[in-house]
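Residue strings, one per chain:
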Amino acid sequence: MKLTDQLSIARRNLKRQKGRTRLTLISIVIGSFAVICVLTITFTANKTINDYFEKTGLLYSIDVSSTGSNGINEAMVSKIAAIPGVQSVSPNIDMWFYESVKFGDNVANSFQSGAEAANGTTKQIIAFGRDLTEADTGATVLVSKDIANVLTDKNPESLINQQITLVTNSYYNGPDQKRENCDLQTMECKSVEITATVVGVNDGDRMILFPLQFGIDQSAVRSFGEIPTCQGFNDPNATCEDGTIIFSNNPIKDSGFYSLRIRAESSEVIPGIGEALTSQFNMRNQADLETDAGDYYFMVGQDLLKEALKAFRVVSLGLLAIGGISLLVSAIGVINTMLMATLERTREIGVMRAIGATNKDVKRIFTVEAALLGFMGGVWGLLFASAIIIGLGSRFGGSTDSLVSIDVPTLITSGLIPSSIVIVLTTVIGILSGVLPARRAAKLDPVESLRYE
Amino acid sequence: MTEVLTQAQLADISLVGVSRIYELGDEKIHALRDLSLEIRQGEFVAIKGPSGSGKSTLANVIGGLDTPNEGKIVVGGLDFSKAKDKELSHYRSKTIGFVFQSFNLQSHSTVLENVLLPLVIAGIDKTTRMARAKECLELMGLLDRADQPTNKLSGGQRQRVSIARALANWPQIIIADEPTGNLDQTNGQIVIDLLTKLNRELNITLILITHDADVAKKAPRILEIVDGHVTDRMSA
Ligand SMILES: Nc1ncnc2c1ncn2[C@@H]1O[C@H](COP(=O)(O)OP(=O)(O)OP(=O)(O)O)[C@@H](O)[C@H]1O
Ligand SMILES: [Mg+2]
């Protein structure tokens, strides 16, 4: 018997019992729908997160941090930059002392500001304007799109080349702070305002980014003290003005940076760089830190990605298990349906045997029928899942504000298409569920079957 | 069709010492007892006997549907005791055509689909099997009914469909187990005439099982079974 003929016989037999076929299908459809949805979301999220890491360079990054009083000084920066496989390095300066940012009447409060070298160590994805360059040293900034939206009532492009105002918090006592602003007892100061020119808007997450040099300059720390007269004052570390001593130092210049990002040439060389960091500077990877960190430790961006995906995997495995259970239940449905079919068609099986069907033919007819049930269940599951996922995706996905956004084309190519493998799974489930009924049908004695009423 | 048959090897039937015993609890029922007989290709043999005497059992054993407990059956060189399921199925497909008392058609399928089924099982390609099925239906005078479901047909018509189905794979032997049992006089007559015509014109061996002495009389050779024993005689 030819497979095509077995298929058309199977199709006819399923049509003969429309109601029962549909009921059996429903359970497979529910199971495959659930599994396809979970897989699609997992696959798409994996791809999107991975893309994000790739786009931002996190996939190739190693972050070095200093824990002790010794920072990462210039000599160390150059040594790290010379490690084979290192493409570029950039210190990170956390400019924690800006409290809010203003533009016209609009204010944004919740953001981070920092400074880095504009050498591509962290890739900026520029939406409008331009990236910072190494020629920028002053108060020029890159603003992330979400902040730009707040400042401009959703017209981020209009911020390019405009001056924004950064307001410091009360602990700021950098170069732009004035003595008369500060209470010398508590060392709290009034806010001061600093203006900066926006050169670009990037796809980032609540971030205002300055040139490295500006960050270094602003990290200078001053403290004020009273003195009756400057007459005879002589301390190389301080200046005296109108009865006030001003102590000034810059921890970055004195002892180095707190943290440094390394961009590797490829993800393959990352372990090598890690080994070099350990052997040259006695740094430990944070991922395998058990005891004391020592003066320095480093973190590999890829590990972060793996961590993020691992957490996600736990959730999706849980959901998959639920889908899997409903597929299992549907397998019982298929077994039941096929057993009923063997009973109903006992006489027919006898006739088929009498006119030349081998017991293998009989077995195959039932197996193909069960496989077809599984296959159709999978196809319908995919259709429903596609409709719902594409529907929801085009409504809620593809938001332009957020860096990690899920769009419909990614949902289809990275999510739905690979998850359609579930059709193979449901077909196999169908075949497996058909084994017992098919074997039973094939074992029937032809004479007995022909006598069956 | 005639061509194919003349080319085919002769399907002579030989049974030696065949017994078929059913066990019902402690009781042993001898449906066939130490039965030996020969039927040559092209013969027309009637098998008669009272109810429960073993006629259907004999038909099933010759048709390779049932396996005897003892004895040897050889048809057209094929020794059943040595044959695997595949060879026996092939034999049922190609050498034998069954016609049943209760037709055993697929009532939800059309006349044509019923006749096509043995050809589909034999793996015949689409165009050939379509032509062949129509040829068989024409022979049974049912070509105009090809697309009707069989449950819309009269008993006589149904039995003709089942003869067409038996004929589909150019068999050398047709075994008809009380083919007129569910038919009235007239339709029974038509069916018997068609079957004997196949025997006469196409040299198909016809094994006809019947209660009816008048029907049996048409056969040149009558086997009478009583209680699993057979008496063989040539009719006058
Ligand atoms: N599966 C079975 N189990 C037990 N006994 C059986 C079985 N099949 C047939 N028999 C017995 O074998 C004997 C022969 O049966 P068979 O069907 O061959 O008779 P028959 O001559 O065809 O009868 P009828 O004219 O009524 O069709 C009967 O006694 C019957 O009861
Ligand atoms: Mg009988």
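This one's a predicted model, so the numbers in the text were calculated from it and none came from an experiment.

Student: I would appreciate a short explanation of the sheet that holds strand S13 (residues 221-226) of chain A in the present structure.
Tutor: Strands pair in a sheet through their backbones, by hydrogen bonds, and they do so in one of two ways: parallel or antiparallel. All names here are of chain A. With antiparallel pairing, three strands are arranged side by side in an open sheet as S13-S15-S14. Because the sheet does not close on itself, it has two edges, and the strands there are S13 and strand S14 (238-241). The sheet shows a mean angle of 25 degrees between the axes of neighbouring strands, direction not considered. Of the strand pairs in this sheet, S13 and strand S15 (residues 244-249) are connected by six bridges, and their pairing is antiparallel. The partner of serine 223 across the bridge, within S15, is phenylalanine 247.

Student: What am I meant to see in a positive patch on the surface here?
Tutor: Positive charge collects at one region of the surface, where Lys360, Lys363, Arg364, Arg439 and Lys443 of chain A together with Lys86 of chain B lie side by side. Broken down by secondary-structure element, the contributors of at least two residues to the positive patch are helix H10 (359-396) and helix H12 (422-443) of chain A. Counting residues per element, the positive patch draws most heavily on H10 of chain A, at three residues. Structurally, arginine 439 of chain A is set in helix H12. Here arginine 439 of chain A falls in the partly exposed class, since its relative accessible area comes to 45%.

Student: What should I look at first to understand H12 of chain A in this one?
Tutor: For an α-helix, 3.6 residues make a turn, and residues three or four places apart therefore share a direction. Residue and element names in this part refer to chain A. Over its 22 residues, H12 extends 32 Å from the first C-alpha to the last, a length consistent with the 32 Å expected when each residue adds 1.5 Å. Within H12, the axis deviates most sharply at valine 435, by approximately 40 degrees, and proline proline 437 lies no more than four positions further along. The set of residues buried in H12 consists of Val422, Ile423, Thr426, Thr427, Ile429, Gly430, Ser433, Gly434, Pro437, Ala438, Ala441 and Ala442. Of the surrounding elements, those touching the buried residues of H12 are helix H2 (18-56), helix H8 (301-344), helix H9 (346-354), H10 and helix H11 (408-419).

Student: Honestly, the state of the cysteines in this entry has me stumped. Any pointers?
Tutor: Covalent bonding between the sulfur atoms of two cysteines is what defines a disulfide. All names here are of chain A. For the structure on display, the rule yields two disulfides over all chains. In this model, cysteine 182 is linked to cysteine 189 through a disulfide, with the two sulfur atoms separated by 2.1 Å. Taking the torsion about the S-S bond as the criterion, the cysteine 182 to cysteine 189 disulfide, at about 105 degrees, is right-handed. Assigned by exposure class, cysteine 182 and cysteine 189 land together as buried. In this model, cysteine 230 is linked to cysteine 240 through a disulfide, with the two sulfur atoms separated by 1.9 Å. Measuring the twist about the S-S bond at about -90 degrees, one finds the cysteine 230-cysteine 240 disulfide to be left-handed. Here the residue cysteine 230 occupies a position in the loop between S13 and S14, and cysteine 240 occupies one in strand S14, the gap between them amounting to 10 residues. A relative accessible area of 27% places cysteine 230 in the partly exposed class. Disulfide connectivity for chain A, with bonded cysteines indexed by sequence position, reads 1-2, 3-4.

Student: How do you make sense of the pairing of strand S7 (residues 173-177) of chain B when you look at a structure like this?
Tutor: Each regular strand carries side chains that alternate between the two faces of the sheet. Residues and elements named next belong to chain B. Within S7, five of the five residues are buried, which leaves the element mostly enclosed by the surrounding structure. With burial as the criterion, each face of S7 is covered, one bearing Ile173, Ile175 and Asp177 and the other bearing Ile174 and Ala176. Alignment of strand S6 (residues 96-99) against S7, held across four bridges, turns out to be parallel. Note on S7: the bridge partner recorded for valine 99 is alanine 176. Where S7 and strand S8 (residues 205-210) come together, five bridges link them in parallel fashion. Residue pairing for S8: isoleucine 175 is matched across the bridge by isoleucine 207. A crossover connection joins S7 to the parallel S8 through helix H7 (residues 185-202); in handedness this β-α-β unit is right-handed.

Student: I keep staring at the domain arrangement of chain A and nothing clicks. Help me out?
Tutor: For an interface, size is often stated in terms of accessible area lost upon the parts coming together. Examined at the domain level, chain A breaks down into domain 1 (3-53 + 308-451) and domain 2 (86-264). Domain 1 of chain A and domain 2 of chain A are separated by 59 Å when their C-alpha centres are compared.

Student: How do you make sense of the packing of aromatic side chains when you look at a structure like this?
Tutor: Two measures describe an aromatic ring pair: the distance that separates the ring centres and the angle between the ring planes. Under the criterion given, the structure shown has eight aromatic pairs over all chains. Members of the aromatic cluster, each reached through a chain of ring pairs, are Trp96, Phe97, Tyr98, Tyr172, Phe210 and Phe214 of chain A.

Student: Can you walk me through unusual backbone geometry in this structure?
Tutor: If a residue is not glycine, its phi is most likely negative; likewise, a peptide bond is most likely trans. Residue and element names in this part refer to chain B. Here the phi dihedral of asparagine 104 falls at roughly 55 degrees; this positive angle occurs in a residue that is not glycine. Summarising the element assignment, asparagine 104 is placed in the loop between S6 and helix H4 (111-121). We note that glutamate 178 has phi near 50 degrees; this positive angle belongs to a residue other than glycine. Note that glutamate 178 resides in the loop between S7 and H7. A relative accessible area of 12% places glutamate 178 in the buried class.

Definitions and cut-offs
Residues numbered from 1 in each chain as written. Chains lettered and ligands numbered in written order. Predicted model: local features only at pLDDT ≥ 70, side-chain atom pairs only at ≥ 80, totals over all residues. Heavy atoms only, no water. Pairing = 2+ DSSP bridges. Helix = DSSP H or I, 4+ residues; strand = E, 2+ residues; numbered from the N terminus. Axes fitted to C-alpha atoms, helices over the stretch in contact; angles between N-to-C directions. Patch = residues over 30% accessible without salt bridge, like charges linked within 9 Å, V, L, I, M, F, W, Y side chains within 5 Å. Areas by Shrake-Rupley, 256 points an atom, 1.4 Å probe, with all protein chains shown as cover. Salt bridge = Lys/Arg side-chain N within 4 Å of Asp/Glu carboxyl O. Lys, Arg positive; Asp, Glu negative; His and termini not counted. Charge placed at Lys NZ, Arg CZ, Asp CG, Glu CD. Buried < 20%, exposed > 50% of the residue type's maximum accessible area, 1.4 Å probe, protein only. Expected span 1.5 Å × (residues − 1). Bend = angle between axes of the 7 residues up to and from the residue. Contact = heavy atoms within 4.5 Å. Disulfide = S-S within 2.5 Å. Right-handed = clockwise from strand over helix to strand, strands pointing away. Domains from an automatic or database assignment. Phe/Tyr/Trp six-rings, centres within 6.5 Å; stacked < 30°, edge-to-face > 60°.

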